[in-house]
Amino acid sequence: MPSAWHTAGVLVVFMILAVSVWTEEVKEKKCDVMGDENSESQTENALLEKLEPLSQMRFNTTVELGTTENYTYQFRVCREVDSSLHDHAGLVQIDRKTGKTTVIGRINETQVFNGSDWIMLIYKGGDSYGRHCSGEKRRAVIMISCKRGLTAGSFNIISEEREKEQECFYLFEMDSSVACPAEDSHLSVGSILLIILVSLIAVYIIAGFLYQRLVVGAKGMEQFPHFAFWQDLGNLMADGCDFVCRSKPRNAPAAYRGVGDDQLGEESEERDDHLLPM
C-alpha cells in the first residue's frame, strides 16, 4: 500500500513538471530591449507596453522587383513570427520563388524610440548579408505613425538600404493609434470651475431636500433647503430690481386726477337741498 501511494505521488509531481514545461514552451516570447536587465531604459519598456495591443496581429506585405526579386515580408509586434521555431524572428523575408526564409530582425535584440506622433521599432540580429554590407547582420526599422481611430493600418516596405559598407537596414511603415499622444482635455479652467459649482449646487439641493423631508418632516415647498432664506433673498432681489430698473421717477405725478373732498363738499350740500322737508 505505501508503495502505491509513493508511485501515485511521483506521477503527480511528474505531471505537474510536464505541464509547467509545456506552459513555458507555449508562452510566446516578447521583445527584449538590448542591454543588461539592470540598464534597460524605463522609457523603452513603457513604449513596448504601449505597443502591446498590436502584439496579437500579423502583418504581411509583398514586393516584386523585376524578375529577380519577389518577396513576402511577415511581421509581428514583439512576438515571434513562428513561435514553434524558437528563433526570436520578429520580421522575416520569404522568397516566393524558392521558399527560402531570411530573418530580417529578432525580437531579443530590440530598440524602440518615439517622437510626438510616432514610434520607431528596431529589430536587430537578423541573418547576415551575403555580398552586401560587409556581411553584417540584417536589421529592420519599422516606423509606426499616429493615426487616430485606426488600431493598425497597412504594413508596407519603403526601402532597403544595402549599398553601404555598414549600418544597412530595411525600412517599413504602418499607421496605428497606439503611436498617438494622449489627447489633452478641451475643458478650460472656467468650464471646470462651472462644473464643480453646478455639482455642489446639485448636492446641496438633493441632500437638503432629503433632510427636510425625512428628518424635519417638511411638506410642499418647505422641503426646499433653507426655503425662508431663499424666499427673503428673492424678495430683496425683486425690490432691488424694481428700485434700479423702474421706468419713472419715484415722485412722478399720477396720470389721473382724483376727486377731492373740496369738490364733493359744496356740491353734495346743494344737491341735497331738495330732500329737506318744505
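Predicted model, so just to flag it, every value in this text is computed and none were measured. (Residues numbered from 1 in each chain as written. Predicted model: local features only at pLDDT ≥ 70, side-chain atom pairs only at ≥ 80, totals over all residues. Heavy atoms only, no water.)

(A) Main features of the state of the cysteines. With the rule as written, the count across this model stands at three disulfides. Note on cysteine connectivity: Cys31 is disulfide-linked to Cys78, with sulfurs 2.2 Å apart. Residues Cys31 and Cys78 share a disulfide whose torsion about the S-S bond is about -100°; that sign makes it left-handed. On the criterion of sequence distance, the pair formed by Cys31 in the loop between helix 1 (2-26) and helix 2 (42-50) and Cys78 in the loop between strand 2 (69-75) and strand 3 (89-95) is long-range, its members being 47 residues apart. Classification of Cys31 as buried rests on a relative accessible area of 15%. Residue Cys78 is classed as buried on the basis of its relative accessible area of 4%. Across the disulfide from Cys146 sits Cys180; the S-S distance is 2.0 Å. Note on the Cys146 and Cys180 pair: the S-S dihedral is about 100°, so by sign convention the disulfide is right-handed. (Disulfide = S-S within 2.5 Å. Helix = DSSP H or I, 4+ residues; strand = E, 2+ residues; numbered from the N terminus. Buried < 20%, exposed > 50% of the residue type's maximum accessible area, 1.4 Å probe, protein only.)

(B) Expanded view of the pairing of strand 5 (residues 118-125). Bridge count between strand 4 (residues 101-114) and strand 5: seven bridges; the pairing is antiparallel. When the bridges of strand 5 are listed, Gly105 appears paired with Gly125. Hairpin remark: strand 4 followed by strand 5, antiparallel, with three residues in the connecting loop. (Pairing = 2+ DSSP bridges.)

(C) Main features of the environment of Tyr204. Position of Tyr204 relative to the elements: it lies in helix 3 (residues 189-216). Overall, Tyr204 belongs to the partly exposed group, its relative accessible area being 31%. Once residues within four sequence positions are removed from consideration, Tyr204 is found in contact with Pro225, His226 and Trp230. (Contact = heavy atoms within 4.5 Å.)

(D) Inspection of the packing of aromatic side chains at higher detail. If you walk through the whole model with that rule in mind, you get 10 aromatic pairs. When the centroid spacing of 5.4 Å and the interplanar angle of 70° are considered together, the rings of Tyr73 and Phe172 count as edge-to-face. Placement of the pair is Tyr73 in strand 2 and Phe172 in strand 8 (residues 169-176), with a sequence separation of 99 residues. Note on Tyr73: relative accessible area 3%, which makes it buried. (Phe/Tyr/Trp six-rings, centres within 6.5 Å; stacked < 30°, edge-to-face > 60°.)

(E) Spotlight on the side chain of Thr72. Of note, Thr72 is situated in strand 2. Residue classification places Thr72 among the buried positions, given a relative accessible area of 14%. Ignoring anything within four residues of it in the chain, the contact list for Thr72 reads Thr61, Thr62, Val92, Gln93, Ile94 and Arg96.

(F) Examining the pattern of salt bridges more closely. Under the definition given, this model contains seven salt bridges. Close ionic contact of Asp127 with Arg106 constitutes a salt bridge, the shortest N to O distance being 3.5 Å. Of this pair, Asp127 sits in the loop between strand 5 and strand 6 (140-146) while Arg106 sits in strand 4; the two residues are 21 residues apart in sequence, bridging distant segments of the chain. Of the residues examined, Asp127 reaches a relative accessible area of 26% and is grouped as partly exposed. Between Arg162 and Glu160 there is a salt bridge; the shortest N-O distance is 3.7 Å. (Salt bridge = Lys/Arg side-chain N within 4 Å of Asp/Glu carboxyl O.)

(G) Seen up close, helix 2. For helix 2, every residue scored as buried is listed here: Glu44, Leu47 and Leu48. All buried residues of helix 2 fall inside an arc of 100° around its axis, so they share one side. Among the exposed residues of helix 2, those oriented more than 90 degrees off its buried face are Gln42, Thr43 and Glu49. (Arc of directions from axis to C-beta.)

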